[in-house]
Amino acid sequence: MINREQVRKVAHLARLELTPEEEERFTVQLNDILEYFEQLNELDTDQVPPTARAIDVSNVTRPDQLQPYPERDLLLESAPEREETAQGEFFKVPQIISTED
Amino acid sequence: MTPATPVKTKYEAIIGLETHCQLSTETKIFSSSSTQFGSDPNTNIDPVCLGLPGTLPVLNQKVLEYAVKAGLALNCQIAPYSKFDRKQYFYPDLPKNYQISQYDLPIAEHGWLEIELVDADGNPIRKRIGITRLHMEEDAGKLVHGGSDRLSGSTYSLVDYNRAGVPLVEIVSEPDMRSGQEAAEYAQELRRIVRYLGVSDGNMQEGSLRCDVNISVRPVGSDKFGTKVEIKNMNSFSAIQKAIDYEIERQVAAVEAGERIIQETRLWDEASQRTVSMRTKEGSSDYRYFPEPDLGPIEVSPEQLAIWKAELPELPAQKRRRYETELGLSPYDARVLTDDRAIAEYFEATVAAGASPKLAANWIMGDISAYLNTEKLSIRELKLQPESLAEMIKLIEANTISNKIGKDILPELLAKGGSAKALVEKKGLVQISDPKVIEDAIDTVLAANPGELEKYRSGKKNLLGFFVGQVMKATGGKADPKLTNQLLQKKLEG
């Protein structure tokens, strides 16, 4: 079972700001979801390897061949803020207050 | 039994390294943009490395090959089943807010590499350093703070995503090192290995090889670990060594003063030659790893593994051993020659062409290295071919030319290449080994210097050098020096 404190922590890790009402609502909803997984847990899966994906395919790779993206300007233009300096064009982001390791 | 008189506690350092090594592929790990260093900002970008919605990463097959080869060279077990995971954290150098890395199923684990130090007597000291794991991941972008002098006051940062998605392997060592010297040697051996493999240029200045150090101290004999401190920001091997030695002293002093070591990250400050605290670590971060749903797992087949294994070159540690045991070189010479694969191969080609290993080593480590340094050339660009160097060495060994003549003609061979034998013949430099001819020259010299001869005979034996010089001069430097010496002494004694 998950409590409100844990919901607050998960929200912080995901950088989400929740109102007290949302915290309450999500605690209930997340518990409902976890309860559903508890039901699945009743099955004996000791002999079943863990599954991370639905499609059984491995070793999908591409050759190491240069193909520059042709519409670089579009990429820069779609950023909320940019800045052109003597060095070139940059993406501009808000001040970094604290860092997390 | 009475307890012994308390002695000063001895401490030992426990050191482990985490090394990020950039793989020298043409394109990024999950997209087809260039990995070129030094391009204009944000010119090597694409929707995948920027993490735009609806895009899908696809693994670069060269990245897999290079990671597996590095794993094999580090004596690791290659995972038959490996996968990618998302490591979540928020920082603007990471456009997706997660880094694609490998968490619980890295491509390679449980390896080791051997470092070799040479002691004061020239004997090799070998030590195995365990490799915990090697995994593949993407690099992050680069932040440029608006006016670094006022970083705290700046209201924004600028980001260059050229480096985002550049392929890395992270190599984690076991805490097997005990000194700054061992750690620096480990890092150098790692660089030699990736360079031999051709999977990375290992350039520390450009950030292709970045080492973070974990270090703690404890009293010798204790089996508990002290509090671990992380050091970052060292961009040379000597900085790694100095930062560790500084940190050992700092931690031991703190422990002896009864202070608590704080678990933290410290930065090496090159200017002040100290480590400075960056920030206190508050518990371990919560990266909430989970399997990357956009990338399928990796299953390296035994057949593929065998092919890659067969492509591995002879590695520096193997070469060192072979040079010492089969070629009879000193550990020091073996280390110097094997530091760079191209130089080692040049040396081997010279020996294969018939030169004595010791003489070949001396010429390559001496005059040839000096020439490459002054001319800023790599040995691959050298005009003098190994076969011609071997020819010259064989001429010296056969007494056809003296060592001095060898040194005299070397500059021309280095600059122009061509056959040593042909040059010696063209210049008429073949050594005079006929005793008759040398005796004639000696007679002429003695006749021309009666005063010196008189002094020699009355006890001034150090004039021998003068006479040798005169005979050499008379023969254009071509007289066999050993023979000249013998004959001169005989004649001088009358």
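Since we're looking at a predicted model, the values are computed, not measured.

> Could you give an account of the interface of chain A and chain B, naming the residues involved and the relevant values?
Between chain A and chain B, the contact holds 36 residues from the first and 54 residues from the second. A salt bridge links B:Asp286 to A:Lys9, with the nearest nitrogen and oxygen atoms 3.2 Å apart. Seen at the junction of chain A and chain B, the total is 23 residue pairs in polar contact (both at pLDDT 80 or more). Counted by class, the side of chain A that touches chain B contains 16 nonpolar, ten polar and ten charged residues.

> Account for the packing of aromatic side chains, with residues named and values stated.
In the structure shown here, the tally under the stated rule is nine aromatic pairs over all chains. Measuring from centroid to centroid gives 6.4 Å for B:Tyr456 and B:Phe467, while their planes differ by 85°, and the two rings are edge-to-face. Here B:Phe467 lies in helix α14 (residues 464-474) and B:Tyr456 lies in helix α13 (residues 450-457), a separation of eleven residues in the sequence. No difference in accessibility class separates B:Tyr456 from B:Phe467, as the two residues are buried. A:Lys92 extends its terminal NZ or CZ atom over the ring of B:Tyr156, reaching a point 4.4 Å from the ring centre.

> An account of the sheet that holds strand β4 (residues 85-88) of chain B is needed here, citing residue identities and associated values.
Residue and element names in this part refer to chain B. The antiparallel open sheet is built from three strands, whose spatial order is β5-β4-β15. Each edge of the sheet is formed by a strand with only one pairing partner; in this case those strands are β5 (98-101) and β15 (290-291). One ladder, built from two bridges, connects β4 with β15; its direction is antiparallel. Within the sheet, the bridge partner assigned to arginine 86 lies in β15 and is phenylalanine 290.

> Could you give an account of the nonpolar core, naming the residues involved and the relevant values?
All names here are of chain B. Membership of the largest hydrophobic core comes to 100 residues, with the highest contact counts inside it found for Ile107, Tyr186, Ile240 and Met392. If near-sequence neighbours (up to four positions away) are discounted, isoleucine 240 is found in contact with Ala183, Ala184, Ala187, Met204, Cys211, Val213 and Met234. Grouped together as the second largest cluster of nonpolar side chains are 19 residues, Ile442, Leu463, Val471 and Leu487 included.

> Outline the sheet that holds strand β2 (residues 82-85) of chain A, listing residues and values.
Across the sheet, four strands lie side by side as β2(A)-β3(A)-β9(B)-β8(B); this open sheet has antiparallel pairing. Of all the strands in the sheet, just β2 of chain A together with β8 (142-145) of chain B have a single pairing partner and so form its edges. Taking the axes of each pair of neighbouring strands and ignoring which way they run, one obtains an average angle of 40° across the sheet. When strand β3 (residues 88-94) of chain A meets strand β9 (residues 156-160) of chain B, the two strands line up antiparallel, connected through four bridges. Opposite A:Pro94, over in β9(B), you have B:Tyr156 as the bridge partner.

> Tell me what's going on with the environment of B:Phe37, and back it up with residues and numbers.
Residue and element names in this part refer to chain B. In this structure, phenylalanine 37 sits in the loop between β1 (11-22) and β2 (59-60). Here phenylalanine 37 falls in the exposed class, since its relative accessible area comes to 51%. Separated by 395 residues in sequence, phenylalanine 37 and isoleucine 432 have C-alpha atoms that sit 57 Å apart.

> So what's going on with the packing of helix α9 (residues 386-397) of chain B against helix α10 (residues 403-416) of chain B? Residues and values would help.
All names here are of chain B. α10 packs onto α9 with a crossing angle of 165° between their chain directions and a minimal axis gap of 10 Å. By the criterion of interaxial angle, the relationship of α9 to α10 is roughly antiparallel. When you trace α9 past α10, the crossing you get is right-handed. Counting all contacts with α9, which are made through Ser388, Met392 and Ile396, the residues of α10 involved are Asn403, Gly406, Ile409, Leu410 and Leu413. Of the residues that constitute the contact of α9 with α10, the class distribution is five nonpolar, three polar and no charged.

> Pulling in residues and values, what's your account of the packing of helix α1 (residues 61-73) of chain B against helix α4 (residues 302-310) of chain B?
Residues and elements named next belong to chain B. Following both chains from N to C, one finds α1 and α4 inclined at 70°, their axes separated by 10 Å at the closest point. As far as their axial angle goes, α4 and α1 are roughly perpendicular. As for how α1 packs across α4, the hand of that crossing is right-handed. The segment α1 lies against α4, with Leu64, Glu65, Val68, Lys69 and Leu72 engaging Leu305, Trp308 and Lys309. A breakdown of the residues in the contact of α1 with α4 according to their chemical character gives five nonpolar, no polar and three charged.

About the cut-offs
Residues numbered from 1 in each chain as written. Chains lettered and ligands numbered in written order. Predicted model: local features only at pLDDT ≥ 70, side-chain atom pairs only at ≥ 80, totals over all residues. Heavy atoms only, no water. Contact = heavy atoms within 4.5 Å. Salt bridge = Lys/Arg side-chain N within 4 Å of Asp/Glu carboxyl O. Polar contact = N/O pair within 3.5 Å; in protein donor to acceptor, adjacent residues only side chain to side chain. Nonpolar A, V, L, I, M, F, W, Y, C, P; charged D, E, K, R; others polar. Phe/Tyr/Trp six-rings, centres within 6.5 Å; stacked < 30°, edge-to-face > 60°. Helix = DSSP H or I, 4+ residues; strand = E, 2+ residues; numbered from the N terminus. Buried < 20%, exposed > 50% of the residue type's maximum accessible area, 1.4 Å probe, protein only. Lys NZ or Arg CZ within 6 Å of the ring centre and 35° of its normal. Pairing = 2+ DSSP bridges. Core = buried A, V, L, I, M, F, W, Y, C linked by side-chain atoms within 4.5 Å. Axes fitted to C-alpha atoms, helices over the stretch in contact; angles between N-to-C directions. Parallel < 35°, antiparallel > 145°, perpendicular 65-115°, else oblique. Left-handed = near helix turned anticlockwise from the far one by under 90°.

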